[in-house]
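As a plain string of letters, each chain reads:
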Number of protein chains: 4
Amino acid sequence: MADVNRVVLAYSGGLDTSVILKWLEQTYGCEVVTFTADLGQGEELEPARQKALKAGVKPEHIFIEDVREEFVKDYVFPMMRANALYEGLYLLGTSIARPLIAKRQIEIAHQVGADAVSHGATGKGNDQVRFELGYYGLDPDIRVIAPWREWDLTSRTRLIAFAEEHGIDIPRDKRGEAPFSTDANLLHTSSEGKVLEDPWEETPDYVYSRTNDPESAPDTPEYITVEFEGGDAVGVNGEPLSPAALLTKLNDYGREHGIGRLDLVENRFVGMKSRGMYETPGGTILLAAHRGIEQLTLDRGAAHLKDELMPRYAELIYNGFWFSPEREMLQAAIDHSQTHVAGTVRLKLYKGRADVVGRKTDRRFNLYSQEVVTFEEDKGRYDQRDAAGFIRLNALRLRLLGERNRDA
Amino acid sequence: MADVNRVVLAYSGGLDTSVILKWLEQTYGCEVVTFTADLGQGEELEPARQKALKAGVKPEHIFIEDVREEFVKDYVFPMMRANALYEGLYLLGTSIARPLIAKRQIEIAHQVGADAVSHGATGKGNDQVRFELGYYGLDPDIRVIAPWREWDLTSRTRLIAFAEEHGIDIPRDKRGEAPFSTDANLLHTSSEGKVLEDPWEETPDYVYSRTNDPESAPDTPEYITVEFEGGDAVGVNGEPLSPAALLTKLNDYGREHGIGRLDLVENRFVGMKSRGMYETPGGTILLAAHRGIEQLTLDRGAAHLKDELMPRYAELIYNGFWFSPEREMLQAAIDHSQTHVAGTVRLKLYKGRADVVGRKTDRRFNLYSQEVVTFEEDKGRYDQRDAAGFIRLNALRLRLLGERNRDA
Amino acid sequence: MADVNRVVLAYSGGLDTSVILKWLEQTYGCEVVTFTADLGQGEELEPARQKALKAGVKPEHIFIEDVREEFVKDYVFPMMRANALYEGLYLLGTSIARPLIAKRQIEIAHQVGADAVSHGATGKGNDQVRFELGYYGLDPDIRVIAPWREWDLTSRTRLIAFAEEHGIDIPRDKRGEAPFSTDANLLHTSSEGKVLEDPWEETPDYVYSRTNDPESAPDTPEYITVEFEGGDAVGVNGEPLSPAALLTKLNDYGREHGIGRLDLVENRFVGMKSRGMYETPGGTILLAAHRGIEQLTLDRGAAHLKDELMPRYAELIYNGFWFSPEREMLQAAIDHSQTHVAGTVRLKLYKGRADVVGRKTDRRFNLYSQEVVTFEEDKGRYDQRDAAGFIRLNALRLRLLGERNRDA
Amino acid sequence: MADVNRVVLAYSGGLDTSVILKWLEQTYGCEVVTFTADLGQGEELEPARQKALKAGVKPEHIFIEDVREEFVKDYVFPMMRANALYEGLYLLGTSIARPLIAKRQIEIAHQVGADAVSHGATGKGNDQVRFELGYYGLDPDIRVIAPWREWDLTSRTRLIAFAEEHGIDIPRDKRGEAPFSTDANLLHTSSEGKVLEDPWEETPDYVYSRTNDPESAPDTPEYITVEFEGGDAVGVNGEPLSPAALLTKLNDYGREHGIGRLDLVENRFVGMKSRGMYETPGGTILLAAHRGIEQLTLDRGAAHLKDELMPRYAELIYNGFWFSPEREMLQAAIDHSQTHVAGTVRLKLYKGRADVVGRKTDRRFNLYSQEVVTFEEDKGRYDQRDAAGFIRLNALRLRLLGERNRDA
């Protein structure tokens with residue numbers, strides 16, 4: 001196999017990717033370029049720069065970028081338009097961040113003339129697939145290095161020994177009890193492993209980091225509004241906000257009221273079931289609100305088609321096929337339906353729940369007609385006798401079936 | 001059109017069906033047979049008998065039946081196996097009761113030699129369709145009388161005048177303010193109309209009848225378990241229960257903790273949007289629990305296929321096609337998947353939420369393997385290097401696309 | 001009901017619409033505006049003008065238009081991109097023409113200030129639905145007059161008597177034996193009724209009008225090429241052609257070689273089964289060719305998604321929902337996939353068959369890689385060992401199922 | 001990795017599996033058990049026994065079985081019930097045979113105490129996946145040996161050298177020009193490779209082995225009937241036949257009339273496009289006939305659901321997931337629809353075409369009503385005025401959309 005000269009590593013500055021940085025240099029004798037994205041995970045990124053410098057990465061090869069607006073605008077929002085839930089419950093917070101990281105790694109690789117990319121995802125999970133399908137789709141000739149599938153650091157003990165040997169900072173909690181495997185960005189935080197591996201065990205409270213326990217959340221409900229245009233949220237409580245600012249705001253509300261916790265046993269693309277804990281505070285509010293505004297503004301035919309396409313769409317994102325023709329086709333269909341999805345949704349936030357309690361829009365977008373639906377006098381907007389013919393023709397084939405059954 | 005001699009009326013004993021009873025006699029000069037089902041709506045049924053007698057129905061033509069067990073076992077449970085939600089949110093509590101009523105009406109019609117059936121659903125709603133598709137499918141030659149589409153009682157005032165004229169009891173609240181249009185059975189209670197017709201107005205608290213307000217629900221969470229066999233719940237807290245007894249039990253828990261309230265603007269089959277309020281306390285718990293046990297015991301391929309088929313299945317039930325070949329085909333597929341859906345789910349009930357916090361099963365049913373999924377040593381149960389080939393072949397077509405894009 | 005002042009009639013000049021023209025004047029005392037479209041049905045349209053004038057229609061109210069290019073470009077081609085077949089076999093030749101006629105009728109109604117539209121489709125068929133869903137979607141307030149559902153001309157005898165009484169030309173074959181119900185346009189000709197109503201009877205040869213009998217077609221195969229760009233055919237045998245000219249050309253080839261005959265019992269939207277005979281000579285060649293070029297240029301993910309969406313798409317067109325959000329959503333998805341569907345397909349035409357025998361494209365569009373697929377030396381384009389991991393991870397969930405089955 | 005003691009090889013007696021037999025003994029030092037299935041491929045199987053004996057396989061370890069009836073009854077017929085076509089065109093002749101072979105290998109492995117199974121499929125194709133998913137699903141612990149992914153016989157030259165060295169018979173055409181890669185069974189024969197690798201080249205006539213060239217097929221059409229019960233063909237021309245005898249009979253007709261040739265560029269599960277030539281003479285007739293009888297006997301709801309599920313079902317079989325919960329779920333749905341699919345279809349066979357020209361059934365199965373559909377007097381079976389209400393309620397949502405568009 002050809003030598004590797006320069007590799008772009010998705011680098012968080014944490015223990016694992018710090019070890020990988022060193023291991024790449026040692027194993028491939030190559031130059032490492034680091035890419036650290038601010039996806040809203042809530043950590044300082046400057047320490048990552050210092051660690052990379054200390055590890056010998058050239059200053060011009062350290063890429064640290066705030067991609068929060070792009071993340072929400074071009075990845076989270078399109079997904080929200082679909083009301084995407086994986087296996088009925090999961091808002092895909094990890095899945096949706098990977099394509100953006102992969103895309104930037106490939107762009108940086110082309111910029112700095114790197115011939116390889118690398119990531120810190122293990123060989124058992126979905127993230128390796130999501131990264132690498134992204135890499136290959138965007139650069140079919142790129143060399144991919146997945147250390148977890150290659151090296152002999154097959155236990156945490158050996159990983160830590162390697163770190164100590166190479167002067168890599170080891171977070172205190174990594175020396176003591178091994179931590180949960182976590183992922184965080186502006187949309188969510190996830191945790192897997194350790195006690196969570198027993199699906200009968202209730203998730204301990206200390207696992208949660210993004211939301212209050214509903215029991216300690218405020219005893220008084222709070223009402224908010226979310227404003228929509230073209231299928232996307234554009235404001236909260238009447239204040240226009242950029243995509244990332246809006247999600248941040250909703251995260252604050254969600255944290256306060258303990259909204260968006262999920263305990264799930266899910267099916268990974270690599271074929272096994274795993275148990276995870278997710279916190280998606282703002283995203284949970286956003287999804288409820290989006291369904292709420294669609295209720296007023298989306299035609300039934302469009303709505304039902306969306307509902308039927310959604311599980312496939314969610315599966316594609318979960319499995320790492322964001323950059324695929326079929327995801328784009330579904331997106332084209334979904335986006336087509338969202339032009340008139342606009343208006344205001346009112347939600348009640350209370351101890352873990354985000355309930356839509358009202359929605360309104362103006363006549364340019366509205367499909368709800370009180371005149372037509374009313375139990376009162378409807379001024380001829382609806383002729384109840386039409387229903388007789390409607391039912392009789394819908395029933396015709398069932399009557400022919402009934403005749404057959406009777407005769408048989 | 002031929003004369004009607006005898007008609008089987010779906011009769012609740014309330015104002016509307018009492019007026020219809022009288023109207024049928026007057027209009028068609030026919031004998032009326034009443035069918036009153038105990039679906040768990042929580043009302044005494046003996047008053048219906050007395051009212052029917054008083055209205056002149058022959059004692060042998062008054063049919064009052066407790067169909068709660070059949071309702072839950074043969075209608076609610078099959079639907080729960082599908083995790084059915086209409087438009088992402090609605091548990092179909094009204095829709096699922098109509099086919100059973102229609103079936104019994106037709107059976108009684110055959111028993112008493114009736115040539116027609118009748119119901120009290122209006123010409124704007126879905127229930128007329130659900131009743132009548134049931135009627136026609138089960139007896140293609142039956143005559144259907146839908147008074148609301150025929151008569152001239154086009155306002156509540158005229159309806160009440162008719163009732164007074166014919167000595168029909170008028171419930172106090174019907175004289176005063178007009179009531180909400182409601183439906184109730186063991187699965188749910190729904191309300192529509194009046195103030196709810198404005199989708200921006202929050203549902204007033206007095207509309208709810210089946211659940212506590214979450215704010216006044218207990219401040220302490222309660223934990224319960226639900227036991228499953230063959231895809232159906234069979235016990236609560238370890239106590240085996242019949243289908244109806246089980247749903248009743250879960251309704252008690254749901255009521256206490258304010259679980260299962262839904263404010264929805266939905267798309268009716270007849271083409272309009274309407275706003276309704278639903279309370280489905282036990283059903284909401286049951287759905288969460290069923291998804292929980294499927295997480296451990298249902299294969300991914302089966303689970304994802306179910307998720308893709310569900311919106312269509314729910315739409316069929318909502319639209320009244322319970323007795324249709326396509327609903328039965330989907331049911332056959334769904335039921336095939338449920339053989340091994342067995343085990344115990346633990347839920348936390350708290351202020352409107354029913355969260356799965358644990359699930360377990362035995363090895364005859366289990367598909368979750370801690371050995372395979374663990375971050376720790378897995379004793380060779382999973383070879384991480386397999387993932388490389390898995391990804392590369394999944395990526396192959398995307399790489400060919402990438403090459404094309406690069407060359408273009 | 002309000003008076004009708006002016007009505008736009010879809011007018012062919014044949015017996016039925018001539019009777020309708022007169023009946024509309026008599027029944028509604030209204031002015032009739034005629035719209036006659038040249039959809040490529042192969043009839044002179046000037047006689048329609050003369051008949052309309054003779055029937056008293058004002059010259060400025062006679063609209064005769066050649067819409068063949070619009071028909072093929074904006075209706076037939078989008079449908080071909082989907083490879084649409086209703087019930088697996090039918091190319092939707094009638095269905096696809098109705099929306100265009102409906103659209104022009106509404107546009108003319110607005111232009112001439114008409115308050116109603118009318119058509120000659122019967123109350124048993126699909127065409128009434130297709131026309132009227134088009135009308136209502138494009139003008140929600142339009143008045144629709146469907147004479148066949150209103151009048152008392154319930155038999156052909158009475159229709160002819162009415163015609164004679166009002167001096168309407170009666171085609172010779174309408175006096176003798178009643179004709180088949182037919183529809184024709186550039187895409188197809190259909191026949192229904194009479195002897196065809198017995199689905200066991202073979203379609204008599206005299207029913208066919210657009211194609212040679214395969215038995216009398218040339219004994220020597222003919223080869224042609226069809227060129228594609230952006231998912232649409234743009235040329236035949238290397239000669240660039242406009243959409244209508246291209247379909248006309250393919251119709252000539254199809255006629256010669258007896259291609260595109262179909263004997264079908266289909267399910268109508270109104271609930272009954274009917275038996276029809278269709279001739280779609282050029283369309284049949286086009287569909288085969290389109291699938292042929294997609295084979296080289298369309299990604300698997302896109303192709304399979306298209307195949308799964310197609311039956312729904314075809315059903316929507318058949319049922320008359322061309323102007324619906326869900327058809328447009330599916331179209332958006334389909335069209336997104338067609339950008340690179342370009343190249344040349346070679347077909348062999350012989351006695352009723354149009355077989356793709358070769359397809360080629362250039363590297364900007366090509367996804368077929370002989371290098372990758374070859375049984376010979378592939379220069380490392382494909383590592384067969386990757387397949388081991390691919391299979392093992394695809395098998396993982398099946399192995400876990402196998403373990404469960406073994407243990408149970 | 002543990003030693004292999006005994007391996008069950010899917011053995012045809014041809015060059016490749018003969019080389020594999022020897023290579024397995026040499027490489028693994030294990031005992032080889034051969035399984036040779038008569039799937040109707042049209043070859044004598046006794047030579048396979050002699051070759052196996054000559055290669056040193058113990059007589060009691062040579063398994064030769066006629067599985068033709070099982071193949072057609074339990075694999076081909078269930079697939080035909082679904083009208084399965086992969087990518088719109090391919091009847092899945094190779095795909096459907098693999099699961100049966102895999103199942104028998106595993107059964108034999110258990111019977112003779114073997115710890116491994118092996119097959120002769122290459123690492124680029126779909127068959128390796130189909131075999132191995134079958135193996136793993138039926139025995140999660142089985143060891144799988146795929147020589148083509150392991151050995152160094154990476155060219156045909158080296159393969160032949162190995163064969164000569166070990167005294168393995170080399171078919172004459174393997175010494176001369178390399179043959180096409182072919183597969184044959186009672187359902188079809190496929191060819192890939194060599195000249196076919198250029199998708200622009202027309203398939204040369206000498207590639208075909210199962211069908212006459214349509215040009216040299218009889219100049220006179222032949223009519224046959226196929227009889228169905230419960231969704232399966234049970235007779236031809238009124239003569240009851242077992243499943244395999246029936247397919248053999250239809251193959252004879254198909255061969256004679258040049259029916260069932262297909263030139264296809266398809267998408268393999270492993271990610272590449274490949275070009276193949278298929279001959280499926282009897283299967284092509286059977287599929288046409290099955291659709292024909294469904295037209296009379298299958299309800300629209302069931303038929304359309306089947307059409308929507310079919311592409312997924314076909315993909316599952318193509319990809320090797322016959323033994324999967326989701327294929328079984330779809331089969332359960334499909335089979336549920338087939339109870340009343342019974343009657344007689346008449347087909348015209350002529351120069352490559354098998355056209356349904358008539359179908360009939362009795363009233364126990366029939367859903368076609370001439371009374372309802374007729375253009376003539378229908379005795380009140382259908383009230384055309386019902387269509388008005390049917391259309392108006394189907395149009396209601398489109399009118400609300402139209403109002404919005406008008407107001408916007």
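Residues numbered from 1 in each chain as written. Chains lettered and ligands numbered in written order. Predicted model: local features only at pLDDT ≥ 70, side-chain atom pairs only at ≥ 80, totals over all residues. Heavy atoms only, no water.

## Quick word on the overall build of chain A
Formally: Think of it this way: any DSSP run of H or I at least four residues long counts as a helix, any run of E at least two long counts as a strand, and we number them from the N terminus. Only heavy atoms enter the contact rule, under which two residues are in contact if any of them lie within 4.5 Å. Every accessible area reported is derived by Shrake-Rupley at a probe size of 1.4 Å, with residue values counting cover from the shown protein chains alone. Lys and Arg are tallied as positive, Asp and Glu as negative. Neither His nor the chain termini are counted. Positions of charges follow a simple convention, taking NZ of Lys, CZ of Arg, CG of Asp or CD of Glu.
Scanning chain A from N- to C-terminus turns up 14 helices and 14 strands. Viewed in the frame of its principal axes, chain A has a C-alpha envelope of about 85 × 55 × 45 Å. Of all intrachain contacts in chain A linking residues separated by at least 6 positions in sequence, the fraction that spans at least 24 positions is 72%. Carbon together with sulfur atoms contributes 46% to the accessible area of chain A, which is approximately 14,000 Å² in total. Here chain A carries 50 positive and 66 negative side-chain charges, and the mean point of each set is 3 Å from the other.

## Regarding the domain arrangement of chain A
It is common to give the size of an interface as the accessible area lost on bringing the parts into contact. Put simply, the rule reads: Throughout, the edges of the domains are those of an automatic or database domain assignment.
Considered domain by domain, chain A is made up of domain 1 (6-67 + 92-178), domain 2 (182-298 + 340-360) and domain 3 (372-407). Its C-alpha centre places domain 1 of chain A at a distance of 62 Å from the equivalent point of domain 3 of chain A.

## Section: the relation of the copies chain B and chain A
Heads up, the rule is: To line up the copies, we fit them by least squares on C-alpha atoms, keeping just the residues with pLDDT of at least 70 in both.
Note on the copies: chain B fits chain A at an RMSD of 0.0 Å, the axial shift is 0.0 Å, and the rotation between them is 180°. Taken together, the rotation and translation describe the operation of a two-fold axis. Closest approach to the rotation axis among the C-alpha atoms of chain B is made by B:Glu308, whose C-alpha sits 3.1 Å away. An overlap of 100% is found between the interface residues of chain B and their copies at the interface of chain A, pointing to a shared contact surface.

## Focus on the relation of the copies chain C and chain B
Rotating chain C by 180° and moving it 0.0 Å along the rotation axis overlays it on chain B with an RMSD of 0.0 Å. When the interface residues of chain C are mapped onto chain B, 100% of them are again interface residues, pointing to one common binding face.

## Observations regarding the UniProt feature "domain: Arginosuccinate synthase-like N-terminal" (unreviewed entry) in chain A
Under the convention used in this document: UniProt positions are given in the numbering used here, feature names are shortened, and annotations may be inferred rather than shown by experiment.
If you check UniProt for "domain: Arginosuccinate synthase-like N-terminal" (unreviewed entry), the listed places come out as residues 6-168 of chain A in our numbering. Span residues 6-168 of chain A is 48% helix and 15% strand, its end C-alpha atoms 21 Å apart.

## Concerning the sheet that holds strand E12 (residues 273-279) of chain B
All names here are of chain B. Selection criterion: Note: two strands are recorded as paired if DSSP finds a minimum of 2 bridges between them. Interaxial angle, 0 to 180 degrees, is taken between N-to-C directions of lines fitted to C-alpha atoms, where a helix line uses only the stretch in contact.
Ordered by their spatial adjacency, four strands build an open sheet running E6-E7-E12-E11, and the pairing between neighbours is antiparallel. Strands with a single pairing partner mark the edges of an open sheet, and in this sheet they are strand E6 (181-184) and strand E11 (261-267). Going across the sheet, the axis of each strand differs from the next one's by a mean of 20°, ignoring polarity. Where E11 lies against E12, seven bridges are found, and the strand directions are antiparallel.

## Some thoughts on the interface of chain B and chain A
Definition in use: Buried area is calculated as the accessible area (1.4 Å probe) missing from two parts once they are joined, with the contributions of both summed. When a carboxyl oxygen of Asp or Glu is within 4 Å of a side-chain nitrogen of Lys or Arg, the pair counts as a salt bridge. N or O atoms closer than or at 3.5 Å make up a polar contact, with two conditions inside protein: a donor-capable atom paired with an acceptor-capable one, and, for residues adjacent in sequence, both atoms drawn from side chains. Residues are grouped as follows: Ala, Val, Leu, Ile, Met, Phe, Trp, Tyr, Cys and Pro are nonpolar; Asp, Glu, Lys and Arg are charged; all remaining types, including Gly, are polar.
Each partner contributes to the interface: chain B provides 103 residues, whereas chain A provides 103 residues. Between chain B and chain A, the buried area comes to about 9,500 Å², and carbon and sulfur atoms account for 55% of it. At the boundary of chain B and chain A, one finds twelve salt bridges. Here B:Asp141 makes a salt bridge to A:Arg406, at a shortest N to O gap of 2.3 Å. For the interface between chain B and chain A, the tally reads 52 residue pairs in polar contact (both at pLDDT 80 or more). Ranked by the residues each element gives to the side of chain B that touches chain A, the list is headed by helix H14 (residues 386-407) of chain B, at 14 residues. Class assignment for the residues of the side of chain B that touches chain A results in 41 nonpolar, 22 polar and 40 charged.

## Thoughts on the packing of aromatic side chains
What counts, and what does not: Aromatic rings from Phe, Tyr and Trp, taking only the six-membered ring of Trp, are treated as a pair when their centres fall within 6.5 Å; an angle between ring planes under 30 degrees marks them as stacked, one over 60 as edge-to-face, and anything in between as tilted. The criterion for a charge sitting over a ring is simple: Lys NZ or Arg CZ within 6 Å of the ring centre, and within 35 degrees of the ring normal.
As enumerated under the stated definition, the model contains 42 aromatic pairs over all chains in all. A connected cluster of aromatic rings, assembled from ring pairs, spans A:Phe269, A:Phe321, B:Phe390, C:Phe390, D:Phe269 and D:Phe321. Directly above the aromatic system of C:Trp322 lies the positively charged group of C:Arg327, at a separation of 3.5 Å from the ring centroid.

## A word on unusual backbone geometry
Note the threshold: Buried means the residue's accessible area, taken with a 1.4 Å probe over protein chains only, is under 20% of the maximum for its type, while exposed means over 50%, and partly exposed covers the values in between.
In the Ramachandran plot, C:Asn237 falls in the positive-phi region, its phi being about 50° despite a non-glycine side chain. Considering the arrangement of structural elements, one finds C:Asn237 in the loop between strand E9 (232-236) and strand E10 (239-240). Taking the relative accessible area as the measure of exposure, C:Asn237 reaches 38% and is therefore partly exposed. The backbone phi angle of D:Asn83 is positive, close to 55°, even though this residue is not glycine. Along the chain, the position of D:Asn83 falls in the loop between helix H3 (68-81) and helix H4 (98-112). By relative accessible area, D:Asn83 is classed as buried at 2%.

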